[in-house]
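So you can see what is in the structure, the chains are spelled out below.
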Amino acid sequence: MKFLSEIYAILLYFIHLSQSTTPNVLIFLVDDLGYGDLGCYGNSTIASPHINSLARDGARYTQMYSAAPICTPSRGGFLTGRYPIRLGLTSNDNRFRTFNSPGQPGGLPHDETTIAEVAQQVGYRTGLVGKWHLGLGRDGEHLPTRHGFDTFFGMPVTNVQTCGNKKIYDLIGGHGQVLERSFLTYWLALTGKAWLAFIGIALATWLLYSHKLALMILFCGAIGFFGGMWYTLSFTLLSRSSCLLYQNETIIEQPVHLADLTLRNTNQAIAFMNETILNHKKPFFLYMAYIKVHTALFTLPENAGRSRHGAYGDNVEELDWSVGQILQALKNLNIENDTLVFFSSDNGPFLERGIEAGFCGRAVTATGQRSEPLRGAKGQTWECGIRVPGIIRWPGHVIANQTIGHVSSLLDFYPSLLDLWNLKSDANRPLDGVSLWPQLELTTSITSSSSSSNERNTLFHYCGSTVTAIRQGKYKAHYWTPKWDEDLRACPSVTICPCLSTQHSPPLLFDIEADPAEESPLDVEKYSTILSSMDLALQEHRATLISVPNQLEKLAQPWLFPCCKSEGWTRVIRLITNSCQC
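Residues numbered from 1 in each chain as written. Predicted model: local features only at pLDDT ≥ 70, side-chain atom pairs only at ≥ 80, totals over all residues. Heavy atoms only, no water.

Q: Sorry, what's going on with the packing of aromatic side chains here?
A: For any pair of aromatic rings, geometry is given as the distance between the ring centres together with the angle between the planes. Going through the model one piece at a time under the given rule, you end up with 26 aromatic pairs. Ring plane angle 45 degrees and centroid distance 5.2 Å describe the contact between Tyr 124 and Trp 421, whose orientation is recorded as tilted. Taken together, the residues span a long stretch of sequence, with Tyr 124 in the loop between helix 4 (115–122) and strand 3 (125–131) and Trp 421 in the loop between helix 10 (413–420) and strand 14 (459–463) at a distance of 297 residues. In this pair, the class of Tyr 124 matches that of Trp 421, namely buried. A network of ring pairs unites the aromatic residues Phe 78, Trp 132, Phe 149, Phe 285, Tyr 287, Phe 342 and Phe 413 as a single cluster. Over the ring of Phe 298 we find Lys 292, and its NZ or CZ is 4.2 Å from the ring centre. Positioned above the aromatic ring of Tyr 35, the side-chain terminus of Arg 387 is 5.6 Å from the ring centre. (Phe/Tyr/Trp six-rings, centres within 6.5 Å; stacked < 30°, edge-to-face > 60°. Helix = DSSP H or I, 4+ residues; strand = E, 2+ residues; numbered from the N terminus. Buried < 20%, exposed > 50% of the residue type's maximum accessible area, 1.4 Å probe, protein only. Lys NZ or Arg CZ within 6 Å of the ring centre and 35° of its normal.)

Q: Just checking my understanding: could you explain unusual backbone geometry for this structure?
A: Across residues other than glycine, the phi torsion is negative in most instances, and most of the peptide bonds are trans. Cis geometry marks the peptide bond from Gln 254 to Pro 255, where omega comes out at 0 degrees. Among the structural elements, Pro 255 can be located in the loop between strand 8 (250–253) and helix 7 (261–280). In this model, Thr 295 is joined to Ala 296 through a cis peptide bond whose omega is 15 degrees. The residue Ala 296 is located in the loop between strand 9 (284–289) and helix 8 (310–332) in this model. Positive phi outside glycine occurs at His 133, with the angle close to 60 degrees. Given the relative accessible area of 2%, His 133 is considered buried.

Q: Any chance you could explain a nonpolar patch on the surface here in plain terms?
A: Together, Leu 196, Ile 199, Leu 203, Trp 206, Leu 207, Leu 208, Tyr 209, Leu 213, Leu 215, Met 216 and Leu 218 make up an exposed nonpolar region whose accessible area comes to about 1200 Å². Elements that contribute at least two residues to the nonpolar patch include exactly helix 5 (183–208) and helix 6 (211–235). Considering every element that reaches the nonpolar patch, the biggest residue donor is helix 5, with six residues. Inspection of the secondary structure puts Leu 207 in helix 5. (Patch = residues over 30% accessible without salt bridge, like charges linked within 9 Å, V, L, I, M, F, W, Y side chains within 5 Å. Areas by Shrake-Rupley, 256 points an atom, 1.4 Å probe, with all protein chains shown as cover. Salt bridge = Lys/Arg side-chain N within 4 Å of Asp/Glu carboxyl O.)

Q: Help me out: how do you make sense of the sheet that holds strand 14 in this one?
A: Strands pair in a sheet through their backbones, by hydrogen bonds, and they do so in one of two ways: parallel or antiparallel. Ordered in space as 14-15-16-17, the four strands form an open sheet in which the pairing is antiparallel. Of all strands in the sheet, those bounded by a partner on one side alone are strand 14 and strand 17 (502–511). The sheet shows a mean angle of 20 degrees between the axes of neighbouring strands, direction not considered. (Pairing = 2+ DSSP bridges. Axes fitted to C-alpha atoms, helices over the stretch in contact; angles between N-to-C directions.)

Q: Sorry if this is basic, but what is going on with the UniProt feature "transmembrane region" (unreviewed entry) in the chain here?
A: Here the UniProt-annotated "transmembrane region" (unreviewed entry) positions come out as residues 186–209 and 215–238. For residues 186–209, the end-to-end C-alpha separation is 33 Å, with 96% helix and 0% strand making up the annotated structure. Here residues 215–238 is 88% helix and 0% strand, with 31 Å between the C-alpha atoms at its ends. (UniProt positions renumbered as here; feature names shortened; annotations may be inferred.)

Q: How should the state of the cysteines be read in this particular structure?
A: Put plainly, a disulfide is one covalent bond tying together the sulfur atoms of two cysteines. For the structure shown, the criterion picks out six disulfides. Shown here is the disulfide that connects Cys 491 with Cys 497, its sulfur atoms set 1.9 Å apart. When the S-S torsion is 85 degrees, as for the bridge of Cys 491 with Cys 497, the disulfide is right-handed. Overall, Cys 491 belongs to the buried group, its relative accessible area being 1%. The disulfide bridge from Cys 563 ends at Cys 580, spanning 2.0 Å between sulfur atoms. Since a negative S-S torsion denotes a left-handed disulfide, the Cys 563-Cys 580 link at about -105 degrees is left-handed. Within this pair, whereas Cys 563 is found in the loop between helix 11 (528–543) and helix 12 (568–576), its partner Cys 580 is found in the segment after helix 12, the two being separated by 17 residues in sequence. By the burial criterion, Cys 563 is buried, and Cys 580 matches it. Its sulfur unpaired, Cys 40 is 16 Å from the next cysteine sulfur, which belongs to Cys 384. Residue Cys 71 stays outside any disulfide, its sulfur separated by 12 Å from that of Cys 163, the closest cysteine. (Disulfide = S-S within 2.5 Å.)

Q: Honestly, the domain arrangement of the chain in this entry has me stumped. Any pointers?
A: Note: interface size is frequently given as the accessible area lost on complex formation between the parts. Structurally, the chain comprises domain 1 (22–168 + 242–456) and domain 2 (173–237). Between the C-alpha centres of domain 1 and domain 2 there is a distance of 40 Å. At the junction of the two partners, domain 1 supplies twelve residues and domain 2 supplies eight residues. Each partner contributes to the roughly 790 Å² buried at the junction of domain 1 and domain 2, and carbon and sulfur atoms together form 56% of this total. Interface area lost by domain 1 to domain 2 is led by Asn 100, Lys 167 and Ile 355, which between them contribute 43%. Counting across the domain 1 and domain 2 interface gives zero salt bridges. For the side of domain 1 that touches domain 2, the per-class residue count stands at five nonpolar, six polar and one charged. (Domains from an automatic or database assignment. Contact = heavy atoms within 4.5 Å. Buried area = accessible area lost by both parts, 1.4 Å probe. Nonpolar A, V, L, I, M, F, W, Y, C, P; charged D, E, K, R; others polar.)

Q: It is not clear to me how the pairing of strand 9 should be interpreted in this structure. Could you clarify?
A: Both faces of the sheet carry side chains from a regular strand, because those side chains alternate between them. Counting buried positions along strand 9 yields six of six residues, so the element is predominantly enclosed. As paired strands, strand 1 (residues 24–30) and strand 9 are joined by five bridges and run parallel to one another. Residue pairing for strand 9: Ile 27 is matched across the bridge by Tyr 287.

Below you can see the structure in the form of structure tokens.
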């Protein structure tokens, strides 16, 4: 009997382990979804019943913040639990704030440990469906399959207007309408001052020194001007060839066909879950990183024109349909109660895209009133750029219908999973996130073991490589803010707002709980203690930073640019003529 009782105890242990410490993990991360785009966050014009059900059956965060206001650094921070500055995934140069080409050599450093790699070690089968945007590198050295994901189906860089046969460099009118401009006009606006200086040098040489030398200078300048245009159109995101679709480490479409991509991604996600549960007999870790709702917008033809919110609303509603399909698959597999679901967005809406962008949303103030729309946009550390939806659902563990008002971050999901798996973090690579479990109402407690603090005193908001804003408690200080285009809260004239336009000394200080729209700066003379505390926290934070190689500030190398089903001279010709396709 003693032997049988021991066997029974062991079985109970493994049953408890499978149901509690190693649930399936399903992450929905949307691209550029605004805080105000969902019904559960106050939107009344876009239908999102399936995402709303996650909030109803779980916990909804009202102050969830992205790890950065733009995609590459935000996603790097999310997958590692560390500020992107520690990863070399930041830049103050507007050209290099994200990976801008599949031909760039950089990527997420291999000495960083992603949460997918940890999941593999615990015994999960890991998969990524959708957007990566953390580098491709030489021979695919930075693809997801080299960072802990067993399978990958998606885009290694990102979806941009080019992928939908549109222009990245178009302008936006006062009513959000798209104003077309030619590439030549854009190129002159971007590089005009440099070429004017070049022409000035040639003219001075002509008048004061040598006609022959002046002509040589002009000839070299023309080669540089038109060569720069060719390079930019061929090896950056302005080329449709950069719109790649991969299956693991193989290109399967170049350029990608967008219209049915959400359907295909959804089917891939469901197939991954089915294979893992039914064939591999393992728990799964699925990172469903949606290609939408970043522009270019795309939907199936039958989903176009359905939303009262136009094409953008159609995209959010197709996103919601996809979430619903995947949640139904959990029910079909009878694992709904054994799956931890997390839903969020990588940053705020891309307002530079006008009517094709999302909504910043309104927050609830400390007095229960709805605020004015949040200020700013993607790429900025005003609230709209960094405050994102955040939902956690785990039936039977996370008590339903919670609203969490604590300041939280995408950095926090990593240490939360470490706590769940009873693992400690690497002491040599300190985490910047804190566990989410202490703020949640749970049916059973989860003990912290990740070595990260359970309390957040300060959250540093980076724009590029600079801390441009700091949050402590209910107070937020802005040290740098962008300069917007006239009558806008965005910068379509330069694609996205630069980080370091206007410096504030002393900083602009806001009570975010009373004024989430950041409309009324406080009198800083009355809050010197708060500012001193922030200054001290910033000094202590900077002391923890170690210089690492920058992964973003590297030009695309044509010989690294992927070109499907081509080798040798065929590859060279296709790269020169910008004709890689399959």
